[in-house]
Amino acid sequence: MIVLICLLLQQAEKVSAVWSVTFENQDNCALKGSSVEFKCSYNYPDDESVRETAWYKGMLQDGIWERVKLSVLPTYKNRFAYRGDHIHNCSLVLQDLQEDDTGYYYFWFDTNRFGRNSKRSVHLSVTELKASIRPRRVSAGDNVTLECGTACQSSRIIWFRDGHIVTEPEFRAKIHDAGNYSCAIEELKSVQSDPVALDVWYSPLNVSVEVNRSSLLLAGSSVTLTCRSAANPAAETYTWWYSSYFSNSTSELQVGSGQVLNIASLELAHSGTYICQAENRVGQSRSAEVLLTVEETVHPFIVLAVGIIVIILLVLPVVVIWARKHLRHSDADKEVRDGTVLGKQKPSTKQEMKPVSHGV
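Below, the structure is looked at part by part. All values derive from a computational prediction rather than experimental measurement.

Right, let's talk about the overall build of the chain for a bit. A count of helical and extended segments in the chain gives two helices and 28 strands. By the burial criterion, 31% of the 360 residues in the chain qualify as buried. Considering only residue pairs separated by 6 or more positions, the chain has 60% of its internal contacts joining residues 24 or more positions apart. For the chain, the exposed area adds up to about 23,900 Å²; of that, 54% sits on carbon and sulfur atoms.

Bringing the environment of Phe80 into the picture now. Here Phe80 lies in strand 7 (residues 80–82). By relative accessible area, which is 29% here, Phe80 ends up partly exposed. In this structure the C-alpha to C-alpha distance between Phe80 and Val93, which are 13 residues apart in sequence, comes to 5.5 Å. Not counting residues within four places of it along the chain, the set of residues in contact with Phe80 comprises Leu70, Ser71, Leu92, Val93 and Leu94.

The strand order 3-8-7 describes an open sheet built from three strands, whose pairing is antiparallel. A single partner strand is all that each edge strand has here, and the edge strands are strand 3 (36–38) and strand 7. Averaged over all pairs of adjacent strands, the angle between their axes in this sheet comes to 15°, without regard to strand direction. In this sheet, strand 8 (residues 92–94) lies alongside strand 7 in antiparallel orientation, the contact comprising three bridges. Bridging from a neighbouring strand, Ala81 pairs with Val93 of strand 8.

Quick look at the state of the cysteines now. Tallied over the entire structure, the rule returns four disulfides. A disulfide bridge connects Cys40 with Cys90, and the sulfur atoms are separated by 1.7 Å. Here the S-S torsion is close to -80°, and the disulfide linking Cys40 with Cys90 is therefore left-handed. Of the two residues, Cys40 sits in strand 4 (residues 40–43) while Cys90 sits in the loop between strand 7 and strand 8, which places them 50 residues apart along the sequence. In terms of burial, Cys40 and Cys90 fall into one category: buried. Each sulfur in the disulfide pair Cys148 and Cys183 lies 2.0 Å from the other. Residues Cys148 and Cys183 are joined by a disulfide whose S-S torsion is about 65°; by sign, that bridge is right-handed. Of the two residues, Cys148 is situated in strand 14 (residues 143–149) and Cys183 in strand 18 (residues 179–185); the sequence distance between them amounts to 35 residues. For the chain, the bonded cysteines pair up as 1-5, 2-3, 4-6, 7-8 when numbered in the order they occur along the sequence.

One pass over the structure, following the stated rule, counts twelve salt bridges. A salt bridge links Asp110 to Arg51, with the nearest nitrogen and oxygen atoms 3.0 Å apart. Of this pair, Asp110 sits in strand 9 (residues 103–111) while Arg51 sits in strand 5 (residues 50–61), placing them 59 residues apart in sequence. Residue classification places Asp110 among the buried positions, given a relative accessible area of 14%. The residue Glu252 makes a salt bridge to Arg286 at a minimum N-O spacing of 3.1 Å. Pair noted here: Glu252 is in the loop between strand 22 (237–244) and strand 23 (253–257) and Arg286 is in strand 26 (residues 284–286), with a separation of 34 residues, a long-range link.

Before going further, it helps to spend a moment on unusual backbone geometry. In this structure, the amide linkage connecting Arg134 to the following residue, Pro135, adopts the cis form with an omega of -20°. Following Asn232, the chain continues into Pro233 via a peptide bond in cis, with omega recorded as -5°. Relative to the elements of secondary structure, Pro233 occurs in the loop between strand 21 (223–232) and strand 22. A positive phi angle, near 55°, is found at Asp62, a position not held by glycine. By the element assignment, Asp62 lies in the loop between strand 5 and strand 6 (64–69). The backbone phi angle of Asp162 is positive, close to 50°, even though this residue is not glycine.

To continue, consider the side chain of Thr53. Within the secondary structure, Thr53 is located in strand 5. When its relative accessible area of 17% is taken as the criterion, Thr53 is described as buried. Not counting chain neighbours up to four residues away, the residues in contact with Thr53 comprise Tyr42, Tyr82, Asp85, His86, Phe107, Trp108 and Phe109.

With 25 residues, the main nonpolar core has Phe38, Trp55, Leu94, Phe107 and Leu124 as its most contacted residues. Of all the elements in the fold, those that place two or more residues in this core are strand 1 (20–23), strand 3, strand 4, strand 5, strand 8, strand 9 and strand 11 (122–127). Not counting residues up to four positions away in its chain, the partners in contact with Leu94 are Ser34, Ser35, Val36, Phe38, Leu70, Tyr76, Arg79, Phe80, Tyr105 and Leu124. Formed by 19 residues, the second largest nonpolar core is a distinct cluster that contains Val207, Ile263, Leu266 and Cys276.

What counts and what doesn't
- Residues numbered from 1 in each chain as written.
- Predicted model: local features only at pLDDT ≥ 70, side-chain atom pairs only at ≥ 80, totals over all residues.
- Heavy atoms only, no water.
- Helix = DSSP H or I, 4+ residues; strand = E, 2+ residues; numbered from the N terminus.
- Buried < 20%, exposed > 50% of the residue type's maximum accessible area, 1.4 Å probe, protein only.
- Contact = heavy atoms within 4.5 Å.
- Areas by Shrake-Rupley, 256 points an atom, 1.4 Å probe, with all protein chains shown as cover.
- Pairing = 2+ DSSP bridges.
- Axes fitted to C-alpha atoms, helices over the stretch in contact; angles between N-to-C directions.
- Disulfide = S-S within 2.5 Å.
- Salt bridge = Lys/Arg side-chain N within 4 Å of Asp/Glu carboxyl O.
- Core = buried A, V, L, I, M, F, W, Y, C linked by side-chain atoms within 4.5 Å.

Right under this line is the structure:
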């Protein structure tokens, strides 16, 4: 009896020594959206042949730990591929990883004599890259630090701003640094963290004044001045300053507030230079001077009289020249007519004066 027990134990040890499943890495960590490969090999007695292989995931169902075949789990459909064979390779690839993929995985194979389950398992942790910016709202010139966190040990982290690579994770903020930042590991640039926004505040820039009229400004007409600027946050306060055109003083007078300055009825006293000052929480800036020149209003009758005079001055020389030419032609015609009359009367006179002969 004792001898039989010893023989059975020896046989069991031989089978255990021949049969095995080996995982190259039993603890894997990967990023959400990426892929992972479980490298695996298995052995069995030489007199057996493999008929079927499968991978399982350990799951707790109704309080009982069970191994569920990946091929029957809907969430794994078209996301896993067996890269092994029916000889010794049992490697598996999981694609487009999700956080729910975290867990324990087992390999199983069936020979022409026995079905075998791996006693050990492969563990997978799926994590996300988490980007953070300190601080997230800054003024131009402040220091900014970019940080990228992950539970997986990874190589060099790279950063992107609106899709463009950022070379340094620490910098002094400039206006163009505002945007959405995301991080990735160098060997897997396509898998990036959720974006985090950096807001850069700055005082108003490129302050300018827009005049709604480019024609002559006449007394009694209206004009509208509009203040434009680029700022973050947007300008909240606008102040208008005026310097008189007729005064030698350089002092400025506040003449309005708000983004739009409207002068409904212009007067000569409105002539001068106008400046807009835009201000937000960060600071303030001024526009260049804009000169307005208001002209006297011309009465319509004066305009009509001037027009008539101009017409007369233009037409009168032509009339005078025409009159002179007409007068000359009239005198010449008269002289011709007079000469013709005299020529016709002379012969008749000679006939009348011819002496009469008398016979002797």
